[in-house]
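These are the residues of each chain, in order.
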Amino acid sequence: MTRTDHTPPRNPTEAGLVAIWAKLLNVETVGVHDNFFDLGGHSLIALRLAMLVRQEFARELPLASLLAAPTVAQLAEVVAAAPPAVAGAPAAARVVDRVVPLRETGDRPPLFLLHALGGQIFRYRPLAEHLGPDQPVYAIPGYGFAPGEEPIQGLDNMADRYAEHIRAIRPEGPYLLGGFCIGGNIALEVARRLRDGGAEVPLVMPVWSSIEEPVVRTTLQSDTQLMIHALAGGLNTVDPEELSTRSPEEQLLTIIQAATQEDTLQYAATEIEEVRRYLAVFRANAHAVGHYTHAPYPGDVVLFMPSEDHDVTPDRDYGWRDLVTGRFAVQPIPGTRFTAVYEPYVSQMAAQMRRWMHHGQPDRTR
């Protein structure tokens, strides 16, 4: 990226943010109109940014707000309007603040993307960019990241709440819904509630989602395994049985240390309390979806599956075909579950999504 705009900070809030960005992003000069992500920012750096904003300005910065306000100038306005940071107090947020606009322009039916197991939505930003300026895209993160805020327990409660959020943004349909991993399962239940309310939901688009085993079963049977999966995505140097004999605090620190050494750490934070909140979100989401039994869904669904994953075959539908009583299709996309939503594959994924959304429903029958 060629940076030509180096507009200096115009007030103390912008000046404080410029200093934080320069430190975190390791750049010498930051203009107030520079984009956090264009400068190399990502979800892990955003976590540190939220912490430093809390320290510098004594304000709670919802992590997802960086997606909607990715420049210093935009974020300064968010910080100025944010509630004071109070230890142990839940962050105040209006219903509409729970839905993050990734793109608000365009007159096509809006696409709402639901969070995956970790509760975050940063992975959807590249997809929103490639879907085009005429496609509104919104994302809904999980509850529980702000101090004092509790994760939502149970998929029914989750779907009820998210459907309410969507109606607050767009009182009337049609709505398009999707999500990565368990975000696809959540999207299906949100779509069911919107349909039950009389709205049109032309299409639900899960990505790398399963009905058969939406959450690895061992993570539901053992909290030690859940911690390993959440923080490390699996470890080769730690014995889960031996680890389970230790205290929860010792388990947490051991997993973080081992994952850091193996370069598999999934969630890096500078405060242990942030890690605990992340684990609470992950745990609530895993149990909400992992123990849920979906009823038959009467609408249309396209399952997007990364074609380079070793267990993906053309004839496998991961349980969706028997669940969907409307029209159903499996759409292969390039990459793996780790790479499909990022460059260089995400543009092809976006093109396939636009094709399906353009028709409004799958054009291939069961």
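Residues numbered from 1 in each chain as written. Predicted model: local features only at pLDDT ≥ 70, side-chain atom pairs only at ≥ 80, totals over all residues. Heavy atoms only, no water.

### What to know about the side chain of His294
For step 1, the next point in the chain: On the secondary structure map, His294 appears in the loop between helix H12 (272-290) and strand E6 (301-306).
For step 2, the next point in the chain: The exposure class assigned to His294 is buried, which follows from its relative accessible area of 12%.
For step 3, the next point in the chain: A polar atom in the side chain of His294 sits 3.5 Å from the side chain of Asn185.
For step 4, the next point in the chain: At 2.6 Å, the side chain of His294 forms a polar contact with the side chain of Glu189.
For step 5, the next point in the chain: Apart from the residues within four sequence positions on either side, His294 is in contact with Leu155, Asn185, Leu188, Glu189, Arg192, Ile211 and Leu323. (Helix = DSSP H or I, 4+ residues; strand = E, 2+ residues; numbered from the N terminus. Buried < 20%, exposed > 50% of the residue type's maximum accessible area, 1.4 Å probe, protein only. Polar contact = N/O pair within 3.5 Å; in protein donor to acceptor, adjacent residues only side chain to side chain. Contact = heavy atoms within 4.5 Å.)

### Side note on the sheet that holds strand E4 (residues 176-180)
For step 1, the next point in the chain: The sheet built from seven strands is open, its strands ordered E1-E3-E2-E4-E5-E6-E7 with mixed pairing. On the outer flanks of this sheet lie strand E1 (100-103) and strand E7 (328-333), each paired with one strand and no other. For this sheet, the mean inter-axis angle between neighbouring strands, taken without regard to orientation, is 25°.
For step 2, the next point in the chain: Across the face of the sheet, helix H6 (residues 155-169) comes into contact with strand E2 (111-114), strand E3 (137-140) and E4 while running at roughly 145° to E3.
For step 3, the next point in the chain: Taken strand by strand, helix H7 (residues 182-196) contacts E2, E4, strand E5 (203-207) and E6, and its axis lies near 160° from that of E4. (Pairing = 2+ DSSP bridges. Axes fitted to C-alpha atoms, helices over the stretch in contact; angles between N-to-C directions.)

### Section: the packing of helix H9 (residues 223-232) against H12
For step 1, the next point in the chain: Orientation of H9 relative to H12, taken along the N-to-C sense of each, is 110°, at an axis distance of 10 Å. Considering the angle they form, H9 stands roughly perpendicular to H12. Crossing angle aside, the handedness with which H9 passes H12 is right-handed. Between H9, through Asp223, Leu226, Met227, His229, Ala230 and Leu231, and H12, the contact on the second element is made entirely by Val275, Tyr278, Leu279, Phe282, Arg283, Ala286 and His287. (Parallel < 35°, antiparallel > 145°, perpendicular 65-115°, else oblique. Left-handed = near helix turned anticlockwise from the far one by under 90°.)

### A short note on the packing of aromatic side chains
Aromatic rings in a pair are described by how distant their centres are and how their planes are angled relative to each other.
For step 1, the next point in the chain: On inspection of all chains with the given rule, the structure shows seven aromatic pairs.
For step 2, the next point in the chain: Relative to Tyr175, the ring of Phe112 has its centre 6.1 Å away and its plane inclined at 65°; by these criteria the two rings are edge-to-face. Note that Phe112 is positioned in strand E2 and Tyr175 in the loop between H6 and E4, a separation of 63 residues in sequence.
For step 3, the next point in the chain: On the basis of an interplanar angle of 55° and a centroid distance of 6.2 Å, the ring pair of Tyr278 and Phe282 is categorised as tilted. Here Phe282 and Tyr278 lie together in helix H12, a separation of four residues that amounts to about one turn.
For step 4, the next point in the chain: Grouping aromatic residues by their ring pairs yields a cluster made of Trp21, Phe36, Phe37 and Phe122.
For step 5, the next point in the chain: In this structure, Arg161 packs its charged tip against the face of Tyr143, placed 5.0 Å from the ring centre.
For step 6, the next point in the chain: The ring of Tyr297 carries the charged tip of Arg195 above its face, separated from the ring centre by 5.5 Å. (Phe/Tyr/Trp six-rings, centres within 6.5 Å; stacked < 30°, edge-to-face > 60°. Lys NZ or Arg CZ within 6 Å of the ring centre and 35° of its normal.)

### Considering the pattern of salt bridges
Any two side chains of opposite charge can pair, given that their charged atoms come close.
For step 1, the next point in the chain: One pass over the full model with this rule turns up 15 salt bridges.
For step 2, the next point in the chain: Between Glu213 and Arg217 there is a salt bridge, and its shortest N-O distance comes to 3.5 Å.
For step 3, the next point in the chain: With a relative accessible area of 34%, Glu213 lands in the partly exposed category.
For step 4, the next point in the chain: One connected set of salt bridges, linked through shared partners, spans Asp156, Asp160, Glu189, Arg192 and Arg193. (Salt bridge = Lys/Arg side-chain N within 4 Å of Asp/Glu carboxyl O.)

### Thoughts on the nonpolar core
For step 1, the next point in the chain: Trp21 and Leu177 are the most contacted members of the largest nonpolar core, which totals 118 residues.
For step 2, the next point in the chain: The element best represented in this core is H12, accounting for eight residues.
For step 3, the next point in the chain: When neighbours within four sequence positions are excluded, Leu177 is seen to be in contact with Leu111, Phe112, Leu114, Ile166, Ala187, Val190, Ala191, Leu194, Val201, Leu203, Val204 and Met205. (Core = buried A, V, L, I, M, F, W, Y, C linked by side-chain atoms within 4.5 Å.)

### Section: the environment of His6
For step 1, the next point in the chain: Turning to its location among the elements, His6 is positioned in the segment before helix H1 (12-25).
For step 2, the next point in the chain: Counting along the chain gives 24 residues from His6 to Val30, while the straight-line C-alpha distance between them is 6.4 Å.
For step 3, the next point in the chain: Residue contacts for His6: discarding those within four places in its chain leaves Thr29 and Gly31.

### Remarks on the pairing of E2
For step 1, the next point in the chain: Along E2, one buried face is formed by Leu111 and Leu113 and the opposite face, lined by Phe112 and Leu114, is buried too.
For step 2, the next point in the chain: Crossover E2 to E3 through helix H5 (residues 125-130) is right-handed.
For step 3, the next point in the chain: With four bridges joining them, E2 and E4 adopt parallel strand pairing. Bridge pairing links Phe112 to Leu177 in E4. (Right-handed = clockwise from strand over helix to strand, strands pointing away.)

### Brief notes about the confidence of the model for the chain
A low pLDDT means the predicted coordinates there should not be read in detail.
For step 1, the next point in the chain: The predicted model of the chain averages 86 in pLDDT, with 89% of residues at 70 or higher.
For step 2, the next point in the chain: Low confidence marks residues 88-96, where pLDDT is under 50. Its contacts with residues over four positions away, or in another chain, come to 15 contacts.
For step 3, the next point in the chain: Scored below 50 in pLDDT, residues 361-366 makes 25 contacts in the model with residues more than four places away or belonging to other chains. (pLDDT = per-residue confidence, 0-100.)

### Concerning the packing of H9 against helix H11 (residues 248-262)
For step 1, the next point in the chain: The interhelical angle for the contact between H9 and H11, taken along N-to-C directions, is 35°, at an axis separation of 10 Å. In terms of crossing hand, the pair formed by H9 and H11 is right-handed. The residues of H11 that touch H9, namely those facing Thr224, Met227, Ile228, Leu231 and Ala232, are Pro248, Gln251, Leu252, Ile255, Ile256 and Ala259.
For step 2, the next point in the chain: Within the contact of H9 with H11, the residues separate by chemical class into nine nonpolar, two polar and no charged. (Nonpolar A, V, L, I, M, F, W, Y, C, P; charged D, E, K, R; others polar.)

### Brief notes about the pairing of E4
For step 1, the next point in the chain: Burial analysis of E4 places five of its five residues in the buried class, which makes it a mostly covered element.
For step 2, the next point in the chain: Across the two faces of E4 the burial is the same, with Leu176, Gly178 and Phe180 and Leu177 and Gly179 all buried.
For step 3, the next point in the chain: Of the pairings in the sheet, the one linking E4 to E5 comprises five bridges and is parallel in character. Paired with Leu177 across the strands is Val204, a residue of E5.

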